[in-house]
Amino acid sequence: MVVEKRIIPCLDIMGGKVVKGVNFVDLADVGDPVEIAMRYEEQGADEVVFLDITATHEGRDTVYWLVERAAGKLSIPLVVGGGIRDARDFRKVIACGAAKVSVNSAAAARPGLIKELSEEFGKHCLVVAIDGKKTESGYRVFTKGGREDAGLDLVEYARKCEELGAGEILLTSMDGDGTQDGYDIEMTKAVCEAVNIPVVASGGCGKVSDIIDVFRETGCAAALAASLFHYGMATVGEVKLEMERNGIPCRRLKG
């Protein structure tokens, strides 16, 4: 069976607005999350991700009102992350209409949470987000918006996430974030080869060829991008046309 590769625009949200930065800092306002998400759906996006990037650091809930508003407008799956600390938070996001929920810092601090969430809600809606960075001791996991080293080896942690019941891994290269220099192929490949669940590549996409490269050179199931779409360098439709030209299976565009 041919597995279609997914294209997923990512909307980093702060203060109810979409922002974009470089290496998790120097954030600039891009616009209204719901309007932007609807535009990406029209272009052919397979999913849209909302990441409340300061919720965990600020110790607050995620933006439930915004999730509910967006879910009411979108027909494609909405994935939500940021500030998810326990089953209560997870349940509230699902109730607001999210198709999947992403957990990051809370899971790294207490991996048993992954098992609890998977057993209660099912792995189909559980995404574990991992922010990775290359250090002298190899790839490490960072949490709280990339502010803290979690003391975990990236590849070992990815394996643990799968064992505990994660349905998918959203893997972001902190070194690549916002740089538009291309995905971290080495890191993405290492995680894809270590697990059997889908891996979403994230961090560093700056041109359509970066997406082609990450699909060709790694086993990732999806490519997530922000700058490429936010700044109008390419549309989702243009990415998919290039994928088709390169023999990479994807969900065909409407019409």
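Residues take numbers from 1 onward in each chain, read along the sequence in its written order. This being a predicted model, a pLDDT of at least 70 is required before a residue's local features are given, and a value of 80 or more before pairs of side-chain atoms are given or counted; all residues contribute to the totals for chains, interfaces and linings. Only hydrogens and water are removed before side-chain values are computed, so all heavy atoms of the structure are retained for them.

### Thoughts on the pairing of strand 1 (residues 6–14)
Point 1. The buried fraction of strand 1 amounts to eight of the nine residues, a majority that puts the element mostly inside the structure.
Point 2. DSSP calls a pair of strands paired once it identifies at least 2 bridges connecting them. Helix numbers and strand numbers start at the N terminus; a helix is a DSSP run of H or I with at least 4 residues, a strand a run of E with at least 2. The sheet contact formed by strand 1 and strand 4 (residues 48–52) spans four bridges and is parallel. Pairing of C10 across the sheet is with V49, part of strand 4. With a 1.4 Å probe rolled over the protein chains alone, any residue whose accessible area is under 20% of its type maximum counts as buried; one over 50% counts as exposed, and the rest are partly exposed.

### A closer look at the packing of aromatic side chains
Point 1. Pairing of aromatic side chains here covers Phe, Tyr and the six-membered ring of Trp, requires ring centres within 6.5 Å, and sorts the geometry by plane angle: under 30 degrees stacked, over 60 edge-to-face, intermediate tilted. Taken as a whole and assessed by the stated rule, the structure comprises two aromatic pairs.
Point 2. Here the aromatic rings of Y40 and F229 are separated by 5.8 Å at their centres, their planes lie at 55°, and the arrangement is tilted. Placement of the pair is Y40 in helix 1 (residues 33–43) and F229 in helix 10 (residues 227–230), with a sequence separation of 189 residues.
Point 3. Overall, Y40 belongs to the buried group, its relative accessible area being 1%.

### Points about the pairing of strand 4
Remember that side chains alternate between the two faces of the sheet whenever the strand is regular.
Point 1. The buried fraction of strand 4 amounts to five of the five residues, a majority that puts the element mostly inside the structure.
Point 2. Side chains of strand 4 alternate between two faces, with V48, F50 and D52 and V49 and L51 buried alike.

### With respect to the packing of helix 9 (residues 208–217) against helix 11 (residues 236–245)
Point 1. Helix 11 packs onto helix 9 with a crossing angle of 45° between their chain directions and a minimal axis gap of 10 Å. On the basis of the axis angle, helix 9 is oblique to helix 11. Classified by chirality, the crossing of helix 11 by helix 9 is right-handed. Where helix 9 approaches helix 11, its residues V208, I211, I212 and F215 are matched on the opposing element by V239, E242 and M243. Between N-to-C directions, angles cover 0 to 180 degrees, with each direction set by a line fitted to C-alpha atoms, over the stretch in contact for helices. Oblique is the label for every angle not falling under 35 degrees (roughly parallel), over 145 degrees (roughly antiparallel), or within 65 to 115 degrees (roughly perpendicular). Crossing handedness is read from the near helix: turned anticlockwise from the far helix by less than a right angle, it gives a left-handed crossing, and turned clockwise, a right-handed one. Contacts are assigned to residue pairs that have any heavy atoms within 4.5 Å of one another.

### Re the packing of helix 4 (residues 87–95) against helix 6 (residues 112–121)
Point 1. The contact between helix 4 and helix 6 brings their axes to 10 Å, and the two run at 40°. With respect to helix 6, the element helix 4 is oriented oblique. Every pair of crossing elements has a handedness; the one defined by helix 4 and helix 6 is right-handed. Counting all contacts with helix 4, which are made through A87, F90 and R91, the residues of helix 6 involved are L117, E120 and F121.
Point 2. Tallied by class, residues from the contact of helix 4 with helix 6 come to four nonpolar, no polar and two charged. Gly is put with the polar residues, along with every residue not named as nonpolar or charged; the nonpolar set is Ala, Val, Leu, Ile, Met, Phe, Trp, Tyr, Cys and Pro, and the charged set is Asp, Glu, Lys and Arg.

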